[in-house]
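# Notes for the structure review
This is what each chain is made of:
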Amino acid sequence: MTTTERDHVRSLDDPDIWVETPATIYDAVPPYPPRTEREAEFYHLRDGEMLINFGPQHPSTHGVLRIVLKIDGERVVDIEPVMGYLHRGVEKICENGDWHHAISNCDPLEYVASLFSEAMPVMAAEKLLGLEVPRRAEFIRVLTWELNRIASHGLFMGWLALDLGGLTPLLYGFIERDKIVEMLAAQTGQRLLFNYLRVGGVNGDLNHDFLSRLADWMSDAGRQLDSEAKLLNENEIFVRRTRGMGVVDRATRSARVCRARCCARLVCRTTCDARIHTASTPSSSSISQREPKAIRTPATCYISTRCAKASGSSTRFCTRCPTAR
Amino acid sequence: MRELHDGDRFRFEILADLAGVDTGTEMQVVYHLYSVLTPDWLRVIAEGLPRDTPRVPSVAFLWNGAEWAEREAYDMFGIIFEGNRDLRRIYMPPDYTSFPLRKDFLLPDDAARSPGEGFRHVEQPHVIARVQRKALPS
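What counts, and at which threshold
- Residues numbered from 1 in each chain as written.
- Chains lettered and ligands numbered in written order.
- Predicted model: local features only at pLDDT ≥ 70, side-chain atom pairs only at ≥ 80, totals over all residues.
- Heavy atoms only, no water.
- Pairing = 2+ DSSP bridges.
- Helix = DSSP H or I, 4+ residues; strand = E, 2+ residues; numbered from the N terminus.
- Axes fitted to C-alpha atoms, helices over the stretch in contact; angles between N-to-C directions.
- Contact = heavy atoms within 4.5 Å.
- Parallel < 35°, antiparallel > 145°, perpendicular 65-115°, else oblique.
- Left-handed = near helix turned anticlockwise from the far one by under 90°.
- Nonpolar A, V, L, I, M, F, W, Y, C, P; charged D, E, K, R; others polar.
- Buried < 20%, exposed > 50% of the residue type's maximum accessible area, 1.4 Å probe, protein only.
- Arc of directions from axis to C-beta.
- Polar contact = N/O pair within 3.5 Å; in protein donor to acceptor, adjacent residues only side chain to side chain.
- Core = buried A, V, L, I, M, F, W, Y, C linked by side-chain atoms within 4.5 Å.
- Phe/Tyr/Trp six-rings, centres within 6.5 Å; stacked < 30°, edge-to-face > 60°.
- Lys NZ or Arg CZ within 6 Å of the ring centre and 35° of its normal.
- Expected span 1.5 Å × (residues − 1).

### Brief notes about the sheet that holds strand 2 (residues 27–34) of chain B
Residue and element names in this part refer to chain B. Spatially, 1-2-3 is the arrangement adopted by the three strands of the open sheet, whose pairing is antiparallel. A strand with exactly one partner marks an edge of an open sheet, and here the two such strands are strand 1 (14–22) and strand 3 (41–49). Averaged over all pairs of adjacent strands, the angle between their axes in this sheet comes to 15 degrees, without regard to strand direction. Where strand 2 meets strand 3, seven bridges bridge the pair, whose relative direction is antiparallel. In the strand pairing of strand 3, Leu33 is matched with Leu42. Helix 2 (residues 66–77) contacts strand 1 and strand 2 of the sheet and is inclined by roughly 10 degrees relative to strand 1.

Spelled out as structure tokens, the structure:
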């Protein structure tokens, strides 16, 4: 069906009446004239081109993203992403709540690594108040953040491989992730949306259940993560399909994408923090001493090597680190 | 901004974020820049924009990625970026009429906070298309 032809459906009010389904904003060609230069350019079809709606609920869009594709035969010549299907206006909700409502409201923003999205309102409030977090709370934060990051990266690698057509890495990623999530659930009380950080600290000290689970996991984690990394890094199909893809060069300078590029530096800072902390106060927890070994997920290795390459040496970050004393 | 982007001393070639801010009395646009020469972050704030007609020149010709960020700031705050070639709503539906992150946009449950005011500035449901009634095709 082309976009100009309309179906007739029975009216909801009166089933004897057939109504024409109206052109809506959800169609590939919207029911209004183009309003901007770019829109006019996109909706002007040259010879042999056509528009196709892709999504919003398509398995490969990972969520609800609609993309209007302009295709010429088999080739996609232009795209128009239509966002907003998941926009919830969290800023406004937080604005209308108290400051501690913001913690649980920001939790589901990144539901795979929600301890990080909790950190935003918490650390903003701390910065505004000029609060210094107690040393032990800082330790616990870094420990749980890093665990959450490993879980998140494992899932990311798994989904990436799934998109490339392999189911096995996803299942492997879920093995590790499930252990970590159970561990964090023992610590925070929640399995996915932890709601664990508080302004000025965390909600509760490390408990025994968490520590024993962590020790269990640590005894085997290195081998598991290495095998997971091997599964992808030594897979020729995966390497050939990902190498050289999505390179962010200087000319791109995308506001949102460059976050991914800048985050190489930021992530490295967090890991440096953990290393410095464990090195400076070895008596705090015997488990956290072993933590730097564990933060070697495939993605972290990749980021660290990129980071080291970009900076010349990794120690430079440690000295630049704001919390290094 | 051009000097910050192109100048040999600065080279802030990465625009990490561009956000609109409504302080209640004025509008602001905040740019977070990152230099490729030195690992420095720079925050540039364009402040003092009037709340009724906030207009600011677009930087999309310097940082291509600013186009969408400006669309978001326009969508949420109604800030007009002059020179952006694609300034239309990005998150909200195209027939939406208000700017939801402005301070004068109140949620319905705000009535609890300001008693007696009730619903105010809340968007009315908007009929997106006219339904044409046709006879039953036989």
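On we go.
### Some points on the pairing of strand 5 (residues 75–82) of chain A
Residues and elements named next belong to chain A. Relative to strand 5, strand 4 (residues 66–72) runs antiparallel, the two being bridged by seven bridges. Following the sheet pairing, Val68 is matched in strand 5 by Glu80. Between strand 4 and strand 5, which pair antiparallel in sequence order, lie two residues; one of them, Gly73, sits at a positive phi of approximately 70 degrees.

### Details of the packing of helix 6 (residues 168–188) of chain A against helix 7 (residues 208–233) of chain A
Residues and elements named next belong to chain A. In the contact formed by helix 6 and helix 7, the axes pass within 10 Å of each other and the chain directions differ by 165 degrees. Looking at the two axes, helix 6 sits roughly antiparallel to helix 7. In this structure, helix 6 crosses over helix 7, and the sense of that crossing is left-handed. In this structure, helix 6 contributes Thr168, Pro169, Tyr172, Gly173, Glu176, Lys179, Ile180, Glu182, Met183, Leu184, Ala186 and Gln187 to the contact, and helix 7 contributes Asp209, Phe210, Arg213, Leu214, Trp217, Gln224, Leu225, Glu228, Leu231 and Leu232. Classifying every residue of the contact of helix 6 with helix 7 gives twelve nonpolar, four polar and six charged.

### Let's talk about helix 3 (residues 99–106) of chain A
Residue and element names in this part refer to chain A. Listed as buried for helix 3 are Ala102, Ile103 and Cys106. Along the long axis of helix 3, the arc covered by the buried residues comes to 105 degrees, so they all point the same way. Buried residues along helix 3 sit in contact with helix 2 (90–96), helix 4 (114–129) and strand 6 (197–198).

### Some thoughts on the side chain of Ser114 of chain A
All names here are of chain A. Mapping Ser114 onto the fold places it in helix 4. What makes Ser114 buried here is its relative accessible area of 0%. Within polar-contact distance, the side chain of Ser114 engages the backbone oxygen of Leu192 at 2.9 Å. In this view, Ser114 contacts Asp107, Asn148, Leu192, Leu193 and Phe194; residues no more than four positions away in its chain are not counted.

### Some remarks on the nonpolar core
Across soluble globular proteins, nonpolar side chains show a tendency to be buried alongside one another. One finds Leu18, Val29, Tyr31, Val56 and Phe81 of chain B to be the most contacted residues of the largest nonpolar core, which totals 28 residues. Within the residue set of this core, elements represented by two or more residues are strand 1, strand 2, strand 3 and helix 2 of chain B. Ranked by the residues each element gives to this core, the list is headed by helix 2 of chain B, at six residues. In this structure Tyr31 of chain B touches Met1, Leu15, Asp17, Leu18, Leu42, Arg43, Val44, Ala46, Val56, Pro57, Val59 and Phe81 of chain B, once residues within four positions along its chain are discounted. Judged by nonpolar contacts, the second largest core, of 24 residues, contains Leu115, Ala151, Phe194 and Leu225 of chain A.

### Some details on the packing of aromatic side chains
In total, this model carries five aromatic pairs over all chains according to the counting rule given. Measuring from ring centre to ring centre gives 5.8 Å for Tyr74 of chain B and Phe99 of chain B, while their planes differ by 65 degrees; the resulting arrangement is edge-to-face. Note that Tyr74 of chain B is positioned in helix 2 and Phe99 of chain B in the loop between strand 5 (80–82) and strand 6 (132–134), a separation of 25 residues in sequence. The ring of Phe42 of chain A carries Lys70 of chain A above its face, with NZ or CZ at 5.7 Å from the centroid.

### Describing helix 5 (residues 135–163) of chain A
Its 29 residues give helix 5 of chain A an end-to-end C-alpha distance of 42 Å, which sits within 8% of 42 Å, the value for a rise of 1.5 Å per residue. Following helix 5 of chain A by one or two positions, Gly165 of chain A has its phi on the positive side, about 110 degrees.

### Remarks on the pairing of strand 4 of chain A
Residue and element names in this part refer to chain A. Counting buried positions along strand 4 yields six of seven residues, so the element is predominantly enclosed. By the bridge criterion, six bridges tie strand 3 (residues 49–54) to strand 4 in an arrangement that is antiparallel. Bridge pairing links Asn53 to Val68 in strand 4.

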